[in-house]
Amino acid sequence: MLLLRRLSHVSILIQHPKGTFVFDTGLGSQIEGQFHDHFSFLDRQLFKFTKLNSLREILLENKFSPDSIDFIIPTHLHFDHASGIEDFPKATVWTTKEEYDHAFSEEAMPPAFIKEQYDADFIKWNFMDFDTSAYEIFNESYDVFNDGTVVLVKLPGHTKGSLGMFVNLKSGKRYFFTGDLTWAAEAFIKPAEKHSIPRKKVDGDREKVKESIVMVHYLAKEKPEINLVPAHDFNAQKGIAHFPEVEL
Ligand SMILES: [Zn+2]
């Protein structure tokens, strides 16, 4: 039996004394045209969405200037994460060289990648050099503000340069945003892969995906206090403050 789940397309807004950024952009203001121009009829059924407000619209409705977003870190450059990048022309896009090269290669095709979402000349790219200092069970990491509050790790497989983000709040609460490695947090506990039909369309390297899932599986066993939040898991996101509410 195929269970239908509610999928969400979210963006995580991080405000820190040293900068403001979003992790993923969700579905951007141009998503309908992008979907129509680049997707086959079948893919349009498989990846159907209900249009809510874009990140830019939500910020504006709440009197938060989109220009105050200093940078964007996409978990990866698939269409449902990169769609809003060009809605923020002032923001620098931080990614890894491997994700960038893959996203601009001939292999990167719809329905996974839509190059038009991130090929504008005005985009300023910043390639992050991960250092070899281990973080949790990962042997490479990137400390965004150099204070341990926001730390990125590599979760390869879904795409070459997929990223995960740890957020350590003052309250002691810890989150690990795991992108599209799985679509449900329970999949890390079992551990389990995605359903085979969408998996074949979106996962770049099945073996690497399995290895990355197993890493998170062991982390979750060792540290059950860390809240695992996949990018499309509506249930896992329910407990997180929704903008304009904030968590400290
Ligand atoms: Zn996705």
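Novice: Explain the overall build of the chain to me, please; I cannot follow it from the model alone.
Specialist: In terms of regular secondary structure, the chain is built from nine helices and ten strands. In summary, the chain has a C-alpha radius of gyration of 17 Å against a globular reference of 18 Å for 248 residues, a match within 12%. Expressed along its principal axes, the backbone C-alpha trace of the chain runs to roughly 45 × 45 × 35 Å. Counting all 248 residues of the chain, 49% fall into the buried class. Within the chain, contacts between residues at least 6 apart in sequence are counted, and of these 63% link residues at least 24 apart. Carbon and sulfur atoms make up 54% of the accessible area of the chain, which amounts to about 12,700 Å² in all.

Novice: What am I meant to see in the domain arrangement of the chain here?
Specialist: By convention, interface size is frequently given as the accessible area that disappears when the constituent parts associate. Domain parsing of the chain yields domain 1 (10–128) and domain 2 (129–237). A buried area of about 2,400 Å², summed over both sides, lies between domain 1 and domain 2, and 70% of it is on carbon and sulfur atoms. By the criterion of area lost to domain 2, the three top residues of domain 1 are His16, Phe23 and Met128, representing 22% of everything that side buries. Scanning the region where domain 1 abuts domain 2 turns up two salt bridges. Glu98 is the partner of Lys154 in a salt bridge, and the nearest nitrogen-oxygen pair spans 3.5 Å. Mapped by element, the contributors of at least two residues to the side of domain 1 that touches domain 2 are β1 (12–16), β2 (19–23), α2 (41–46), β3 (71–73), α4 (79–82) and α5 (97–103). Its residues assigned to classes, the side of domain 1 that touches domain 2 comprises 16 nonpolar, eight polar and seven charged.

Novice: Help me understand the environment of Ile31 in this model?
Specialist: With respect to the helices, strands and loops of the structure, Ile31 is situated in helix α1 (residues 31–38). With relative accessibility at 0%, the residue Ile31 sits in the buried group. Residues Ile31 and Phe49, 18 residues apart in the sequence, show an inter-C-alpha distance of 10.0 Å.

Novice: Is there a simple way to explain the coordination of the zinc ion in this structure?
Specialist: Angles at a metal have ideal values that depend on geometry: 109.5 degrees with four tetrahedral donors, 90 or 180 degrees with six octahedral donors. Taken together, Asp80 (OD), His81 (NE2), Asp180 (OD) and His232 (NE2) make up the full set of protein donors to the zinc ion, lying 1.9 to 2.1 Å away. Bound by four donor atoms, the zinc ion shows angles of 83 to 163 degrees at the metal and therefore irregular coordination geometry. Donor residues for the zinc ion, ordered by position in the chain, follow D-H-x98-D-x51-H. As far as the burial class goes, Asp80 and His81 line up, both buried.

Novice: In this structure, what is going on with the nonpolar core? I would like to understand it.
Specialist: Within soluble globular proteins, side chains that are nonpolar tend to cluster in buried spots. Residues Phe21, Ile73, Val144, Leu152, Met165 and Phe177 are the most contacted members of the largest nonpolar core, which totals 22 residues. Elements that contribute at least two residues to this core include exactly β1, β2, β3, β7 (150–154), β8 (163–168) and β9 (174–179). Among the elements that make up this core, the one with the highest residue count is β8 (three residues). Ignoring anything within four residues of it in the chain, the contact list for Met165 reads Ile12, Ile14, Phe21, Phe23, Val150, Val151, Leu152, Tyr175, Phe176 and Phe177. In this structure, Tyr135, Leu181, Ala185 and Ala220 belong to the second largest nonpolar core, which totals 17 residues.

Novice: Even after reading the chapter, I still don't get the pattern of salt bridges, so can you show me in this structure?
Specialist: Any two side chains of opposite charge can pair, given that their charged atoms come close. In the structure shown here, the tally under the stated rule is eleven salt bridges. A salt bridge links Lys97 to Asp101; the nearest nitrogen and oxygen atoms lie 3.0 Å apart. Pair noted here: Lys97 and Asp101 are both in helix α5, with a separation of four residues, about one helical turn. The exposure class of Asp101 is partly exposed, given its relative accessible area of 39%. The residue Lys194 makes a salt bridge to Asp203 at a minimum N-O spacing of 2.8 Å. Owing to a relative accessible area of 9%, Lys194 belongs among the buried residues under this scheme.

Quick notes on the rules
Residues numbered from 1 in each chain as written. Predicted model: local features only at pLDDT ≥ 70, side-chain atom pairs only at ≥ 80, totals over all residues. Heavy atoms only, no water. Helix = DSSP H or I, 4+ residues; strand = E, 2+ residues; numbered from the N terminus. Rg over C-alpha atoms; globule rule 2.2 N^0.38 Å. Buried < 20%, exposed > 50% of the residue type's maximum accessible area, 1.4 Å probe, protein only. Contact = heavy atoms within 4.5 Å. Areas by Shrake-Rupley, 256 points an atom, 1.4 Å probe, with all protein chains shown as cover. Domains from an automatic or database assignment. Buried area = accessible area lost by both parts, 1.4 Å probe. Salt bridge = Lys/Arg side-chain N within 4 Å of Asp/Glu carboxyl O. Nonpolar A, V, L, I, M, F, W, Y, C, P; charged D, E, K, R; others polar. Donors = N, O, S within 2.8 Å, 3.2 Å for Na, K, Ca; no water. Tetrahedral: all angles 85-135°; square planar, octahedral: opposite > 155°, others 65-115°. Core = buried A, V, L, I, M, F, W, Y, C linked by side-chain atoms within 4.5 Å.

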